[in-house]
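# Topology and contacts: notes
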Amino acid sequence: MRLVGFIGLGIMGQPMALRLAHAGTPLVVHNRTPARAAPLRAAGARVADGPAEVFDRAETVILMLADGPAIDAVLARGTPEFAARVAGHTVVHMGTTSPGYSHGLEADVRAAGGRYVEAPVSGSRVPAETGGLVAMLAGEDSAVARVRPVLAPLCRETFVCGAAPNALLTKLAVNLFLITLVTGLTEAFHFAERHGLDRRRFLDVLDAGPMASAVSRMKAPKLLTGDFTAQAAASDVLKNNRLIAEAARAAGLASPLLDAAHALFEETVSLGHGGEDMVAVVRALEARTAELGRP
């Protein structure tokens, strides 16, 4: 297999890159914070000094970056270096940005002689570690066909969604359900706790019934133990919430449940819990409850 590039070794990118390395994919990686690349070096990946070296060495380059400005910086977009960097390469955008941003990036990459695939994933850190992610792919058929087997070690399923930005629109729709689902679970837990119920029994009843899901089984123990180590950080959920709200408004769609969750995650982040798991939204619920009890 040819060398594959991977740029962005954050909370999701690092376990994803490690999963590829352990599956035998030859990798060249880069991260803005060099220490994040140390486990990849130990797993046999080459660690590049910068993005340019990744593109020099690899034809297919996976980007798992936080936002559009980070992607633009890595690609040198808007500078004379951009065309030379992406020409002849397949750029795989696996992060979550606005669909409009991705559509424009695809046009620029293709105009510069490169190929482009949108490949956002559904799943948090644990599925990234175990190869249980679900990928949504969009782009030209030939580019998608080239990328799909590269991503196989990361994914339980991959779905072809047509032209970009359909993969990101699908991801945003999935995330709308995820955000409202976890917010609802957390509010139910808060309700049970404040009524003095046995919290474990409440979660056992939930787990035995029709509402149980892989998400509830992952998040319920975190609520029970108060372990808010991030699988999906509250600040990232807020970013996703904003992207979904923007896409809904652009299409003239109402999103009342999302809007309620949006306010709660804004409060969670403002209370200083942005780096904690998304179940830290319980802190916003606790703060609102405290306000109700004040004269």
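Residues numbered from 1 in each chain as written. Predicted model: local features only at pLDDT ≥ 70, side-chain atom pairs only at ≥ 80, totals over all residues. Heavy atoms only, no water.

### Regarding unusual backbone geometry
The cut-off we apply is this: Going along the chain from the N terminus, every DSSP run of H or I of four or more residues is numbered as a helix, and every run of E of two or more is numbered as a strand. When accessible area is computed with a 1.4 Å probe and restricted to protein chains, residues below 20% of their type maximum are described as buried, those above 50% as exposed, and intermediate ones as partly exposed.
Omega for the bond connecting Ala164 with Pro165 falls within 30 degrees of zero, at 10°, which places this linkage in the cis form. Inspection of the secondary structure puts Pro165 in the loop between β9 (155–160) and α9 (166–194). Of note, Ala76 is a non-glycine position whose phi angle comes to about 60°, a positive value. With respect to the helices and strands, Ala76 occurs in the loop between α4 (68–75) and α5 (81–86). Overall, Ala76 belongs to the buried group, its relative accessible area being 10%.

### Description of the UniProt feature "domain: 6-phosphogluconate dehydrogenase NADP-binding" (unreviewed entry) in the chain
Applicable threshold: UniProt positions are given in the numbering used here, feature names are shortened, and annotations may be inferred rather than shown by experiment.
The feature "domain: 6-phosphogluconate dehydrogenase NADP-binding" (unreviewed entry), as annotated in UniProt, sits at residues 4–161 in this numbering. For residues 4–161, helix accounts for 42% and strand for 23%, while the C-alpha atoms at its two ends are 23 Å apart.

### So, the environment of Val121
What counts is decided by this rule: A contact between two residues is defined here by any heavy atoms of the two lying within 4.5 Å.
If you trace the backbone, Val121 turns up in strand β7 (residues 121–122). When the C-alpha positions of Val121 and Met94 are compared, they lie 6.8 Å apart, and in sequence the two are 27 residues distant. Aside from chain neighbours lying at most four places away, what touches Val121 is Met12, Met94, Leu133, Val134, Ala135, Met136 and Lys171.

### Quick notes on the side chain of His93
As a reminder of what qualifies: We define a polar contact as two N or O atoms separated by no more than 3.5 Å, with the added condition that, inside protein, one atom must be a possible hydrogen donor and the other a possible acceptor, whereas residues neighbouring each other in sequence contribute only through side-chain atom pairs.
If you trace the backbone, His93 turns up in strand β5 (residues 90–93). With relative accessibility at 1%, the residue His93 sits in the buried group. A distance of 2.9 Å separates polar atoms of two side chains, one belonging to His93 and the other to Thr97.

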